[in-house]
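Spelled out, the chains give:
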Amino acid sequence: MSDAMSTFVTLDLAPLLAAVFASLACGLLGNFLVLRRESLMGDAISHSVLPGLVIAFLLTGTRSPMVMFIGAAVAGVATVVLVELVKRLGRVEPGAAMGVVFSVLFALGVLLIRQAAENVDLDADCVLHGDLEAMALYWFPPTEWDAFLTWSTLASLPRQVLTLGVVLIVSLLFVGIFYKELRITSFDPALATSQGIHAGAMHLVLMILVAIATVASFEAVGSILVIAMLICPAATARLFTDRLRSQIIASAVFAVGAGVLGYFAASLVPALFVEEATVNAAGMIVIVAGLLLVVGAIASPSHGLLAAVIRRRRLARGIAVDDLLAALFRLHETGQTELTRQRLAPMLPGRVLDTAAAQAAAQGLVRAEADSIALTPEGLEAAADIVRRHRLWESYLVSEAGVAPDHVHDIAEMLEHVTVQPRTGPATDPHGRPIPPSES
Amino acid sequence: LLLSLTQVDRATSPLPVHGDAWPSLDQILSTLTFQAGFNTSIVVIGTTLLGVAAGIIGVFALLRRRALVCDALSHATLPGIALAFIAAAVLGADGRTLPVLLSGAAVTGVLGVVAIQLILRFTRLREDAAIGIVLSVFFGIGIVLLSVIQQMPTGNAGGLRQFIYGQTAAMSVADAGLMGAIALLACLATVLLLKEFAVVCFNDAFARVCGWPVSLVDLGIMALVVLVTVAGLQAVGLLLVVAMLIVPSVAARFWTERLWLLVIIAGVIGGLSGYLGAATSALLPRKPAGGVIVLTSGVIFMISMICAPARGVLAASWRRFRLRLRIAGEHILEEAYEHREADGQASLSAAQLRALARLRGWPRGLRGVLVVILRLRGNLTQTTDGGIVLTSQGRLAGARISRNHRLWEQYLISYADIAPSHVDWSVDQVEHVLSEPLVRELEAALERAGTEVPA
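This write-up is about the structure you can find in this document. (Residues numbered from 1 in each chain as written. Chains lettered and ligands numbered in written order. Predicted model: local features only at pLDDT ≥ 70, side-chain atom pairs only at ≥ 80, totals over all residues. Heavy atoms only, no water.)

Attention shifts here to the overall build of chain A. Of regular secondary structure, chain A possesses 18 helices and four strands. Expressed along its principal axes, the backbone C-alpha trace of chain A runs to roughly 100 × 60 × 35 Å. When each of the 440 residues of chain A is scored for burial, the buried share is 52%. Counted over contacts in chain A with a minimum sequence separation of 6, partners at least 24 positions apart contribute 70%. Total accessible area computed for chain A in this model is approximately 19,900 Å², and 65% of it derives from carbon and sulfur atoms. Positive and negative side-chain charges of chain A, numbering 28 and 38 respectively, have mean locations separated by a distance of 8 Å. (Helix = DSSP H or I, 4+ residues; strand = E, 2+ residues; numbered from the N terminus. Buried < 20%, exposed > 50% of the residue type's maximum accessible area, 1.4 Å probe, protein only. Contact = heavy atoms within 4.5 Å. Areas by Shrake-Rupley, 256 points an atom, 1.4 Å probe, with all protein chains shown as cover. Lys, Arg positive; Asp, Glu negative; His and termini not counted. Charge placed at Lys NZ, Arg CZ, Asp CG, Glu CD.)

Another point: the pattern of salt bridges. Applying the stated criterion across every chain yields a total of 17 salt bridges over all chains. The salt bridge involving E84 of chain A is made with R88 of chain A; its shortest N-O contact spans 3.2 Å. Of this pair, E84 of chain A and R88 of chain A both sit in helix 3 (residues 65-89), four residues apart, which is roughly one turn of the helix. For R88 of chain A, a relative accessible area of 62% gives the class exposed. R124 of chain B is the salt-bridge partner of D242 of chain A, the closest N and O atoms lying 2.7 Å from each other. Of this pair, D242 of chain A sits in the loop between helix 11 (223-238) and helix 12 (244-273) while R124 of chain B sits in the loop between helix 4 (98-122) and helix 5 (127-151), on two different chains. (Salt bridge = Lys/Arg side-chain N within 4 Å of Asp/Glu carboxyl O.)

Right, let's get into the sheet that holds strand 4 (residues 388-390) of chain B. Residue and element names in this part refer to chain B. Taking strand neighbours across the sheet as the criterion, the three strands line up as 2-4-3 in an open arrangement whose pairing is antiparallel. With one partner strand each, in any of the chains shown, strand 2 (347-348) and strand 3 (380-382) form the two edges of the open sheet. Both strand 3 and strand 4 contribute to a ladder of three bridges, which runs antiparallel. Residue pairing in the sheet places T381 in a bridge with V389 of strand 4. (Pairing = 2+ DSSP bridges.)

With 13 residues, helix 19 (residues 436-448) of chain B should reach 18 Å at 1.5 Å per residue; the first-to-last C-alpha distance of 19 Å fits that figure. Where helix 19 of chain B is buried, its residues touch helix 17 (392-415) of chain B. (Expected span 1.5 Å × (residues − 1).)

Take the nonpolar core next. Residues I57, I133 and F301 of chain B are the most contacted members of the largest nonpolar core, which totals 206 residues. Looking at this core, the element that brings in the most residues is helix 1 (residues 3-35) of chain A, giving 15 residues. Residue contacts for I57 of chain B: discarding those within four places in its chain leaves T190, F197, I221, L224, V225, V228 and L245 of chain B. Core analysis: the second largest hydrophobic core is formed by 24 residues, L325, F329, A360 and A384 of chain A among them. (Core = buried A, V, L, I, M, F, W, Y, C linked by side-chain atoms within 4.5 Å.)

Okay, the sheet that holds strand 3 (residues 366-368) of chain A next. All names here are of chain A. The three strands lie next to each other as 2-4-3, forming an open sheet whose pairing is antiparallel. Looking at which strands have only one partner, the edges of the open sheet turn out to be strand 2 (338-340) and strand 3. Pairs of neighbouring strands in the sheet enclose a mean axial angle of 25°, with direction left out of account. Pairing of strand 2 with strand 4 (residues 372-375) involves three bridges; the strand directions are antiparallel. Of the residues in strand 4, the one forming a bridge with L339 is I373. (Axes fitted to C-alpha atoms, helices over the stretch in contact; angles between N-to-C directions.)

Quick look at the side chain of S217 of chain A now. All names here are of chain A. Following the sequence through the fold, S217 ends up in helix 10 (residues 199-221). The class for S217 is buried, based on a relative accessible area of 1%. Those residues in contact with S217, other than ones at most four positions away along the chain, are A22, C26, L164, G222 and V226.

A few words now on the packing of helix 4 of chain B against helix 5 of chain B. Residues and elements named next belong to chain B. Viewed as axis vectors pointing N to C, helix 4 and helix 5 meet at an angle of 145°, and their least axial separation amounts to 9 Å. Here helix 4 runs over helix 5; the crossing is right-handed. Every residue of helix 5 that contacts helix 4 at T108, L111, G112, A115, I116, I119 and L120 is listed here: E127, A130, I131, I133, V134 and F138. Taken together, the residues that form the contact of helix 4 with helix 5 break down as 10 nonpolar, two polar and one charged. (Left-handed = near helix turned anticlockwise from the far one by under 90°. Nonpolar A, V, L, I, M, F, W, Y, C, P; charged D, E, K, R; others polar.)

This next bit is on a positive patch on the surface. Residue and element names in this part refer to chain A. Taken together, the side chains of R313, R314, R317 and R351 present a region of like positive charge at the surface. For R313, the position within the fold is in helix 14 (residues 305-333). Judged by relative accessible area, R313 falls into the exposed class, the value being 55%. (Patch = residues over 30% accessible without salt bridge, like charges linked within 9 Å, V, L, I, M, F, W, Y side chains within 5 Å.)

And the structure:
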């Protein structure tokens, strides 16, 4: 094992594993929260497990993971039930109900922590942003590769890493085994109930898992990373796909990506400016997750901003060409075959005319000279096609939809671009003009 | 938290160790009546004003369904605080002055709200996801900036952490004064803009049609929310300041349906929680004011939700119970009336009563209770064999219900095109709530249609 590798394994492997495990577990569960429009339930639960933990500690006097998990699960269920109660009995809107419940529970937790601080050191800050970096101090890994994949090495990993590993496995199993049930209850709880799947129970189990993932992540990565990872990877994945299966896979990729990139960015980026400087790793992971989301929102090929702009551009250009051809055709009908730009100006604004003419010329539909434009034979065919669609729509709108003949032009002007051409139809439009015959 | 619950030796505990000595009655009284020194009084007055302001403006945030946007806003103030501190330190000023930090907080808080709007406008994500994303990412940026400050040569983030959980004890008189002044300003602005806010909150589409600048008013509401949030940062901390905004208004909502009363009650609840929270934290140094304030309003919320006469749970179930009793009683009168003899004598035997109870699915015992209630009201008399006989008053009531039933039935058949075999069930529910004017209207409508009006 090289020196650099050995340094990495000693200092970074354990915290990196913890960060990735936590990100992945939360990222997986988050898919269903985002789909159910309950993203903020993760926020609420991660606030309100606090009193659950403190009460569990005060009751038993131990901090064993089992006790903490039970406390968290109870608090998670209590949150869900209380929000539901306030919403139904009090007729309070969902957002406000959630806000009231989790903030009051959180306040209770903060007070209890101060109370319990008599005999334990409760670092409230640590709850927020965790202490990934400190984990390296607890682990002394073997120096040879061969020694790595043994039980004793795995068992010597810091407890937080092991706990997070178990939580990750449980989340994976849950999503894997109950994929069908989760999907149907997330999209249509009523249908799920009619199929004999208990939607409420699935919801509760999901919330319990969120609560457990929250607690397992607290000490390693902090609650803020949990909240971010429950939402950001799934939301980013939603910007790329409409299928649940690919959304889950994409969210897992984003979660792991954010975990790894953020962890290294925390130690590498500040070092560019000041030697030896590092920043909080959990916070940096959250920032990377946010950046991934911004990139996705802009660059996603299916739902991104850029794609939408390009699609709109392309459509606008296609429509401009259609309009140019149709205008040329209508003038062609009156016997004018060669047209000056001035003659076309009232029908198409100058800039649109220029780009449309260039585009149509490139497609071989028109011959554009310095100031005259004429349809080529192919252009004439295409133009007849568009005008045919336009006039067919007009006659349809008048005869079938009951629109007055003097109102149909503007509607047909929009519909002519997006329709496929019917083979048969009337010979003239409502204004008495001939409808060009179909080519085939 | 597993880690943060580390057991430590008392002697090395970083926290000052206080005994759980309760303050004497004198101390309590003097704090509550502003006699316990100038500083304490200023802090208590400032926090009370903050509570009032948050309660009042919270009403509008709640009515505009912005409760959780406020949560994102308060989390988004953290990077602003840290940035303002860094900027001041770089420029050579003291970064820890409150106005500088609060200006930074306001800037990123507003940016957070803008970011939510951008996500909603330009992506397919829903509001819940947008709020969660902004909340966590902005807070993450804040955490990273805090760790940057920790490593700056002049930096010590210790002073900034009080903004996360709040710490009234650390407030100077000037700080408390600033907080109180901002709160007072927010109160005044809200009272002055009450009409504009009311119009937009109740029907924004209507307000827009009438030419009200709805987006501007919305902006005004959010600006006031930002002011209150920023003012509350030091006292209650950014994690809990959202509770000061929403809990009082949600609690007040149970007491009234009128806006101006809602504003007043929310202000009172907010002020009371602020007052009690600040006073408690002045008396017991280890009770953070934020927690006490929120818990106080939480208790008031619970009491309101259960006991408030207007929309409380108890009042609502009592009203539902009374309605159920009345409907069940009317069914007895109706049934007896429809079994009347040729001489007009309307009665039901014990067996008929039992059959009615079974048909209606009444729980055991309800039948007896109903009969007793109706007898006390003078609607019927009981026979020795367990049957009932309607009095003349009872016959009149039964006739009215029976007629309502048939009126509504006729109406549904002739106007709503419902098959005669299907009308009975829905009519059973409607017949009890037909008001006098509605009955007249039904009669007129049926007469116009030439349908026979039931006698």
